[in-house]
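So you can see what is in the structure, the chains are spelled out below.
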Amino acid sequence: MNLKVKLISAAALLVCAGAAAQPKLSPNNIDEVLKAMTLQEKATLLVGSGWGSMVAGSMTAADASLVPGAAGTTRAIPRLGIPQTVVSDGPAGIRIDPRRAGSSRTYYATGFPVGTVMASTWNTDLVKELTTAMGEEVKEYGADVLLAPGMDLHRNPLCGRNFEYFSEDPYLTGKMAAAYVNGIQSNGVGVSSKHFAFNDQETNRQENDAQVNPRAAREMYLKGFEIMVKESDPWTIMSSYNKVNGSYTQQSKDLLTTILRDEWGFKGIVMTDWGNKKGTENAVIAGNDLMEPGMENEIQRIVDGVNSGKIPVADVDRNVRRMLEYIVRTPRFKGYKYSDNPDLEGHAKLVRKAAAEGLVLLENNGVLPLKDVKKVALYGVGSYDFIAGGTGSGNVNKPYIRNVADGMRENGFEVDASLENWYKQYIAYKKTEMANNKSGGMTIMLGDDVLPEMPVGRSFIEKTEKATDLAVLTISRNAGEGGDRKAVDGDWTLTGAEREMLQTLADVYHIAGKKVVVVLNIGGVIETASWKNIPDAILLAWTPGQEGGYTVADVLSGASYPSGKLPMTFPVSYFDIPSSFNFPYNYSGADSNNPFGSSDSEEMAELAAAFGIMIQKTPNVDETQYKEGIWIGYRYFQTVGKNVSYPFGYGLGYTTFAYSNPVVKVEKDGSVTASVTVRNTGSAKGKEAVQLYVTAPDGGLVKPAFELRAFAKTKELAPGQSETLTMKVDPYTLASFNENTSAWETAAGNYVALFGASATDIRSTAAFKIAKAQSWPVNRVLLPKTPVEEIKVK
Ligand code: BGC
């Protein structure tokens, strides 16, 4: 070859090499793109594009050019054809800015029912229908991932974010979450199931260390996530802020790799919750692929970590590969042309109707559905200023909130005008006062604080009674991210003003032979035992989304009917709950034990070490011992036989149901098929959610009296109509976790299937036998340094 030819060949090679180093990302060349990336680029892809600012009540990504108001973005690498992607909150609908500079059009999103309402429907098909609609808004507003569902366990009723979460039961949580994920993702957008895991309190959520034994961890807190991962294919999962057994969850390889991926088979990416913790290197190694919202120093830490040998480059490559696999799935990568015009009208109709299935009728002495009522007196600020959903990142910028007064009018009732007028003036005045005086109580983040109840005198009530046929009292509560509720007046218990109003209304209306209905417009459990016998009916509406007041009034009028059942227990007293003693219910922020404040951040630890001072951990603030183990909710109350105000799984309808013909069959592989026939024995239509609890032989473990292993809901049944429900339980679902063997174990022996209308209303039972014990060993990981000393219940 002469020199000229040699030169031309070398140049051609260089061009080829150059071309090889500039591949454009496609689903088929992920390896090639990975090879072409510099270390700096790889680190860039593992870190989101940064914090923005608070706009229209939303904490936003730094880059608001794509979807203003979205919570975060990933970074683009244009030379390799890698676009930015957009992730946006949250569980009750997509949270974006409703207005944009220079434009008069609006970008409101539907305020869907919160997670607790979805779980109260016990209807996975309905949840999927709702989230399919929600996912359409995610896609049509140009986001790639919805930061939802929220699926931490209701460990304690005072957790400020319980409304975003489903239940006290991990099986119900897992099934609801799987339906949710499948609905959203059917649109070709992703989810980020959160917060993985043990984010069961908001007090000091950034640093709190959940100390938990493996059985409680796996049976209770991880089970819902396990079911969700196995029954849906979540694109992403969000690690939580807190620690578990000494390590931030985002830095726990046990949690994010050994359990989540090796044991459960999770294929997507893990992103952090919104922050920047020291130890980014450990997060990368643990398998936390994406740091959100992302900061430059995190990129630097990754680059330095690789250069110094602290982070194996193989770990970076593994995470980057997963990021690329995520990116090629996104609408943004596929160049989807979103409309900014989702079907808001259609979704509003769906929400109005569907939410009724999540409303729980707690009491009804025959007053509901309303008959012979024309004019109603609506008491309680919530009747005119309804709470649609909780606060914080779970708050949606919705176009409006229907209140109860609007809903009653929609349903043909006349609303007492002078009362409405008084309330409206009071609400306007209070809102201005609170806005002007932030220290006066406006401490709630992104959302509406509940106004104190307006005092209404007896004589006014007497006058109004004469002009009306019925009184409705709406009692409201709100909570959200960043704070827990308190076991005190005005939150867990009724305020003095609410109690007095309820009693006066009952006195005055009952003397006149008229009825009083209470509507509970609350995000979480409150005390009911001391007052539930005063009104004639109690409708637990929760916070059912933007159409809330319409849904409530539809149910009161009988235009629709409630078929929700409780996804958690309402205890008699807060202190009946085992975790009440390990929960910061009375934490005021003062920390007398800790000379450096309540945080045990690394800086504090270093400072303390320099002074030779031991930092005392403030119990339930810096470190929470999960001493109640698996004894949460009905597992505890049913096992020890403690009376509750309303049991798990409870809810009335406008009709009654009889259960018959319970049949249980065990297949060769140990799986169980249970069926029962449900008949509508009343005179109105309705739907019934049947719970299948199972009592298992102990197999060497202490086990709850029974546990929820399946559930099903009938279709709408007309009076006299029946339906046979069939539920399947595989042998693994029957297993309990044995810490000694580090295995899930299904014992051989005699079992009982209990078909329940609630945890205390078991309608029929059937015995069955499992012939052969089965076990599924897992890794002995995620252990506390010292085993947590748990309570003994039997
Ligand atoms: C919340 C997450 C949320 C994120 C982004 C965090 O403070 O804990 O649930 O997705 O912010 O807004």
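Residues numbered from 1 in each chain as written. Predicted model: local features only at pLDDT ≥ 70, side-chain atom pairs only at ≥ 80, totals over all residues. Heavy atoms only, no water.

Comments concerning the overall build of the protein
Helix and strand counts for the protein come out as 21 helices and 30 strands. Computed over its C-alpha atoms, the radius of gyration of the protein comes to 27 Å, within 12% of the 28 Å expected for a compact globule of 794 residues. When the backbone C-alpha atoms are referred to their principal axes, the protein occupies close to 110 × 70 × 60 Å. Summarising the internal contacts of the protein: among those between residues at least 6 apart in sequence, 77% fall at separations of at least 24. When the accessible surface of the protein is totalled, it reaches about 28800 Å², and 53% of it is carbon and sulfur. Of the side chains in the protein, 82 bear a positive and 89 a negative charge, and the two mean positions are spaced by 4 Å. (Helix = DSSP H or I, 4+ residues; strand = E, 2+ residues; numbered from the N terminus. Rg over C-alpha atoms; globule rule 2.2 N^0.38 Å. Contact = heavy atoms within 4.5 Å. Areas by Shrake-Rupley, 256 points an atom, 1.4 Å probe, with all protein chains shown as cover. Lys, Arg positive; Asp, Glu negative; His and termini not counted. Charge placed at Lys NZ, Arg CZ, Asp CG, Glu CD.)

Re the site of the ligand
With respect to spatial proximity, 14 residues lie near the ligand, and among them D89, H195, Y241, D273 and E481 are the closest. One of the side-chain nitrogen or oxygen atoms of D89 is found 2.4 Å away from an oxygen atom of the ligand. A distance of 3.2 Å separates an oxygen atom of the ligand from a polar atom in the side chain of R205. When the ligand is considered free in solution it has 310 Å² of accessible area, and contact with the protein chains removes 94% of it. Residues belonging to the shell around the ligand are distributed by class as follows: five nonpolar, two polar and seven charged. (Near = heavy atom within 4 Å. Polar contact = N/O pair within 3.5 Å; in protein donor to acceptor, adjacent residues only side chain to side chain. Nonpolar A, V, L, I, M, F, W, Y, C, P; charged D, E, K, R; others polar.)

A few points about the packing of helix α5 (residues 124-140) against helix α6 (residues 170-185)
As a packed pair, α5 and α6 sit with axes 7 Å apart at the nearest point and diverge in direction by 35 degrees. In the crossing of α5 with α6, the sense of the turn from one axis to the other is right-handed. Facing T124, V127, K128, T131, T132, M134 and G135 of α5, the residues of α6 in contact are K175, M176, A179, Y180, N182, G183 and I184. Residues belonging to the contact of α5 with α6 are distributed by class as follows: six nonpolar, six polar and two charged. (Axes fitted to C-alpha atoms, helices over the stretch in contact; angles between N-to-C directions. Left-handed = near helix turned anticlockwise from the far one by under 90°.)

Keep in mind these values describe shape, not function.
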